[in-house]
Amino acid sequence: MNKNTVGATLIDVLNLYAPDQSQLSVAEILMKDCPVVQDMVWQEANDVTQHVDAYRKSLPKSTREKFNQGITGEFGEEEQVTFGIQKRGNMPSIDSRLISIASNPAEFIRIKVAGAIQGMTQEIETDLFYGSQALNTCDYDGIAQYTKVVDGERVIDAGGSEESEHLTSAYIVAWDLAAGAYGIYPRGSKAGIQYEDKGKHLEVLPDGSRIENNVYYVSVAMGLATRDVRAFARLANIDVENIAANTFDEAKMIMLLDNMPSSLRAKAKIYVPTKLKTAIQLRINDKANVNFTVDNAFGSPVLRFIDVPVIRAEMISTHEEYVTAA
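We now examine the packing of helix H2 (residues 21-33) against helix H5 (residues 105-130). One way to put it is that H2 packs onto H5 with a least axis distance of 9 Å and a crossing angle of 50 degrees. Relative to H5, H2 is oriented oblique. Here H2 runs over H5; the crossing is right-handed. Counted together, Val26, Ile29, Leu30 and Asp33 of H2 and Ala114, Ile117, Gln118, Thr121 and Ile124 of H5 form the full contact between these two elements. Along the lines of polarity and charge, the residues of the contact of H2 with H5 split into 6 nonpolar, 2 polar and 1 charged.

Put into structure tokens, the structure is as follows:
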């Protein structure tokens, strides 16, 4: 289990339900190149193509007890929400003759298929940030859809100009199955991951010639869900055309974190693009800075803002649209 979250990671799920090493290999590649997938906690959906859950809209009220008076029974108000699941697949083929002459055929195949998975990984990571059901770019809404309006609480304007073509954001996500954001995979699947060796197939090329290829199929089916929209926050409209030590507004980030419920803040992680991570490193060089620290978790250096991990996510765009107020 991931020690910083409540729930199972993708590898945890596969170890329970899919001992096939090929599927574990796919998951490992996804998690290596996709930090959001690596951090997400997962739950099996209650359907194949979607998952139905509920937001809590209000807390129940209690009764001040008195003799000879009754006690009200309330559960608060909840709103049912449906989260979609998207499936991405690829079917790469390799010339069978190349496999036959490879010194290590299994490793040769693994490297070739890994390239297809890495391409899929970038698309999955992009969807997790920018997917939109309304715009038909994805079968579920990404993080940016939950934080698309500046409200001064969950979404704060960093001050970039509407005319700038170099805007980006720092996204805060609290991963938690009980009260925060989490990933979903289709009911009855093995963490939504499929990998199959389809064997040899004779293909006819456009010029009429024939070639014998080994065909492989890999797919990932997943979605993004949350039990509380406050699990998502965003410092928007950060101009990174000319990065400097003051590009990252620490005061506004502190405001965003303080606006999060304490139970979610404890699970929060900050995702930033490469350019913004560089600006943060420049800020760290300022010896007067006390908000950033670097420690070692499991032998790897981890950058923290106050106590919240700051993670580079390369699929966060540095050409985002300007985020306006309601």
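Turning next to the side chain of Lys269. By the secondary structure assignment, Lys269 is in strand E12 (residues 268-272). Judged by relative accessible area, Lys269 falls into the buried class, the value being 6%. A polar contact of 3.1 Å, which involves the side chain of Lys269, links it to the side chain of Asp39.

Our focus in this paragraph is the nonpolar core. Grouped together as the largest cluster of nonpolar side chains are 85 residues, with contacts concentrated most on Leu128 and Met253. At 8 residues, H5 tops the list of elements feeding residues into this core. Not counting residues within four places of it along the chain, the set of residues in contact with Met253 comprises Ala170, Ile172, Leu235, Phe248, Ile270 and Phe305.

What follows concerns the pattern of salt bridges. Applying the stated criterion across every chain yields a total of 12 salt bridges. With a closest N to O distance of 2.8 Å, Arg230 and Asp228 form a salt bridge. A residue is classified by how much of its surface remains accessible, and Arg230, at 42% relative accessible area, is partly exposed. Residue classification places Asp228 among the buried residues on the basis of a relative accessible area of 16%. We note a salt bridge from Arg265 to Asp307, for which the minimum N-O separation is 3.1 Å. With Arg265 in helix H8 (residues 262-265) and Asp307 in the loop between strand E14 (300-305) and strand E15 (308-312), this residue pair connects regions lying 42 residues apart in the sequence. Judged by relative accessible area, Arg265 falls into the buried class, the value being 18%. Judged by relative accessible area, Asp307 falls into the partly exposed class, the value being 43%.

This paragraph deals with unusual backbone geometry. We note that Asn68 has phi near 65 degrees; this positive angle belongs to a residue other than glycine. Residue position: Asn68 is located in the loop between strand E2 (50-58) and strand E3 (77-84).

Attention now moves to the packing of aromatic side chains. Overall, the coordinates contain 7 aromatic pairs when judged by the stated rule. Ring geometry for Tyr146 against Phe232: centres 4.7 Å apart, planes inclined by 25 degrees, an arrangement best described as stacked. Of this pair, Tyr146 sits in helix H6 (residues 143-146) while Phe232 is found in strand E11 (residues 232-239), placing the two residues 86 residues apart along the sequence. Here Tyr146 and Phe232 have matching classes, each one buried.

With that settled, consider H5. Relative to the 38 Å expected for 26 residues at 1.5 Å per residue, H5 spans 38 Å between its end C-alpha atoms, a close match to the ideal helical length. Restricting attention to buried positions, one finds in H5 the residues Ile109, Val113, Ala114, Ala116, Ile117, Met120, Thr121, Ile124, Glu125, Asp127, Leu128 and Phe129.

Looking now at the environment of Gly160. With respect to the secondary-structure elements, Gly160 resides in the loop between strand E6 (155-157) and strand E7 (167-174). With 30 residues separating them along the chain, Gly160 and Tyr130 place their C-alpha atoms 20 Å apart. Residues contacting Gly160, with those up to four places away along its chain left out, are Leu167, Asn237, Asp239 and Tyr322.

In this fold, Thr9 is placed in the segment before helix H1 (10-17). Sequence separation between Thr9 and Tyr130 is 121 residues, and the spatial gap between their C-alpha atoms is 22 Å.

Here we take up H2. Between its first and last C-alpha, H2 extends 19 Å over 13 residues, near the 18 Å set by a 1.5 Å rise per residue. When H2 is considered as a whole, its buried residues turn out to be Gln23, Leu24, Val26, Ala27, Ile29, Leu30 and Met31.

Cut-offs applied
Residues numbered from 1 in each chain as written. Predicted model: local features only at pLDDT ≥ 70, side-chain atom pairs only at ≥ 80, totals over all residues. Heavy atoms only, no water. Axes fitted to C-alpha atoms, helices over the stretch in contact; angles between N-to-C directions. Helix = DSSP H or I, 4+ residues; strand = E, 2+ residues; numbered from the N terminus. Parallel < 35°, antiparallel > 145°, perpendicular 65-115°, else oblique. Left-handed = near helix turned anticlockwise from the far one by under 90°. Contact = heavy atoms within 4.5 Å. Nonpolar A, V, L, I, M, F, W, Y, C, P; charged D, E, K, R; others polar. Buried < 20%, exposed > 50% of the residue type's maximum accessible area, 1.4 Å probe, protein only. Polar contact = N/O pair within 3.5 Å; in protein donor to acceptor, adjacent residues only side chain to side chain. Core = buried A, V, L, I, M, F, W, Y, C linked by side-chain atoms within 4.5 Å. Salt bridge = Lys/Arg side-chain N within 4 Å of Asp/Glu carboxyl O. Phe/Tyr/Trp six-rings, centres within 6.5 Å; stacked < 30°, edge-to-face > 60°. Expected span 1.5 Å × (residues − 1).

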